[in-house]
Amino acid sequence: MVQLVRERIDAKGLRERIARPEDGAVVLFEGTVRNHSGGRTVKHLEYHAYESMALQQLEEVREEALRTHAIRDIGIIHRLGTVHPGECSMAIVAVASHRAAAFEACRFAVDRIKSAVPIWKKEFYENGAVWVEGDTMGL
Amino acid sequence: MALRVLFFASLADITGTSEVELEASPNVTIGAVFATLAARFPLLEPHRKSILFARNSRYATPDTPVQDGDEIAFLPPVSGG
């Protein structure tokens, strides 16, 4: 399950949808918006995406995580639009029989999303705003 | 042939638009499409090395040929998460 949403992310709901009694480990990762960046106070972020491609890429990340890690399932939700400090911008739930694979798959998915999925954030400060440009190494 | 070209994030700010319709000659590549648009929007050129290309929502390279009706996208380095 992968999703782009414009409202608050329901991380607990994602966990409930993904986890099943046969799973011995449920790892939930929430990426949250920081109120500071490079010494400046961040008022809010705006996330933009190339939505059709971002959904395909998120699905590829999911499939690659399932192929390369001993997990039973993994779900990803990324938020778009305006997000305030403290709010969740991305939630990932990985479930497995054992914890190591679930931890690793979560980290793998975060790293892949940050380098391959066409989503961008703009940081808004007291005075001005800047597009953040990430690291596309590995593409 | 007719192409739809999309600009995202900082590239949309630089060009002042998120989308242009382009009439291109047959058998051109994405690199050639970029060159045409860099001539129209000179501020794009300095970003050439960091831009990622997509054709119909899939990553592509400057050598990728384009076809009539394609949706081409120029993507700055992504920063989701």
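Residues numbered from 1 in each chain as written. Chains lettered and ligands numbered in written order. Predicted model: local features only at pLDDT ≥ 70, side-chain atom pairs only at ≥ 80, totals over all residues. Heavy atoms only, no water.

## Considering the packing of aromatic side chains
Following the criterion strictly, the structure yields seven aromatic pairs over all chains and no others. Both rings, one in Phe7 of chain B and one in Phe41 of chain B, keep their centres 5.8 Å apart while their planes meet at 80°; by these two values the pair is edge-to-face. Residue Phe7 of chain B is located in strand β1 (residues 2–7), and its partner Phe41 of chain B is located in the loop between α2 (30–40) and β3 (52–55); the two are separated by 34 residues in the primary sequence. The residues Phe7 of chain B and Phe41 of chain B share a single accessibility class, namely buried. Consider the rings of Phe34 of chain B and Phe53 of chain B, whose centres lie 6.0 Å apart with planes at 75°: the pair is edge-to-face. Taken as a pair, Phe34 of chain B in helix α2 and Phe53 of chain B in strand β3 lie far apart in primary sequence, 19 residues in all. Every member of this aromatic cluster is reached through a ring pair, and the members are Phe7, Phe34, Phe41, Phe53 and Phe74 of chain B. Stacked on the ring of Tyr125 of chain A, the Lys or Arg Arg40 of chain A has its end atom at 3.9 Å from the ring centre. (Phe/Tyr/Trp six-rings, centres within 6.5 Å; stacked < 30°, edge-to-face > 60°. Helix = DSSP H or I, 4+ residues; strand = E, 2+ residues; numbered from the N terminus. Buried < 20%, exposed > 50% of the residue type's maximum accessible area, 1.4 Å probe, protein only. Lys NZ or Arg CZ within 6 Å of the ring centre and 35° of its normal.)

## Quick notes on the nonpolar core
Across soluble globular proteins, you tend to see nonpolar side chains buried next to one another. With 33 residues, the main nonpolar core has Ile74, Ile92, Ile113 and Ile119 of chain A as its most contacted residues. At the level of elements, β1 (2–5), β2 (25–32), β5 (44–49), α2 (51–68), β6 (73–79), β8 (88–96) and α3 (99–116) of chain A are the ones that each hand at least two residues to this core. With eight residues, the top contributor of residues to this core is α3 of chain A. One finds Met1, Val28, Ala60 and Phe74 of chain B within the second-largest nonpolar core, a separate group that totals 23 residues. (Core = buried A, V, L, I, M, F, W, Y, C linked by side-chain atoms within 4.5 Å.)

## Things to note about the sheet that holds strand β10 (residues 129–131) of chain A
All names here are of chain A. The four strands are arranged β7-β5-β9-β10 in an open sheet whose pairing can be described as antiparallel. Strands at the two margins of the open sheet, each flanked by one partner only, are β7 (81–83) and β10. The average angle at which neighbouring strand axes cross in this sheet is 25°, direction not considered. Sheet analysis places β5 next to β7, joined by three bridges and oriented antiparallel. Looking at β7, one finds that Leu45 is bridged to Val83. (Pairing = 2+ DSSP bridges. Axes fitted to C-alpha atoms, helices over the stretch in contact; angles between N-to-C directions.)

## Observations regarding the interface of chain A and chain B
Reports of interface size often rely on the accessible area that becomes lost once the parts have come together. Facing the 28 residues of chain A at the interface are 19 residues of chain B. Applying the counting criterion to the chain A and chain B interface returns two salt bridges. Measuring nitrogen to oxygen at the nearest pair gives 2.2 Å for the salt bridge that ties Glu60 of chain A to Arg58 of chain B. Inspection of the chain A/chain B interface yields 19 residue pairs in polar contact (both at pLDDT 80 or more). When contributions to the side of chain A that touches chain B are tallied by element, the ones reaching two or more residues are β5, α2, β8, α3 and β9 (119–124) of chain A. If you tally residues by element for the side of chain A that touches chain B, the top one is α2 of chain A, at five residues. A breakdown of the residues in the side of chain A that touches chain B according to their chemical character gives 14 nonpolar, eight polar and six charged. (Contact = heavy atoms within 4.5 Å. Salt bridge = Lys/Arg side-chain N within 4 Å of Asp/Glu carboxyl O. Polar contact = N/O pair within 3.5 Å; in protein donor to acceptor, adjacent residues only side chain to side chain. Nonpolar A, V, L, I, M, F, W, Y, C, P; charged D, E, K, R; others polar.)

## Some words on the pattern of salt bridges
Residue and element names in this part refer to chain A. Throughout the structure, instances matching the rule amount to 16 salt bridges over all chains. In this structure, Arg8 engages Glu87 in a salt bridge whose closest nitrogen and oxygen atoms are separated by 3.2 Å. In this pair, Arg8 sits in the loop between β1 and α1 (11–18) while Glu87 sits in the loop between β7 and β8, placing the two residues 79 residues apart along the sequence. Residue classification places Arg8 among the exposed residues on the basis of a relative accessible area of 62%. For Glu87, a relative accessible area of 15% corresponds to the buried category. Arg62 is paired through a salt bridge with Asp73; the nearest N and O atoms lie 2.8 Å apart. On the criterion of sequence distance, the pair formed by Arg62 in helix α2 and Asp73 in strand β6 is long-range, its members being eleven residues apart.

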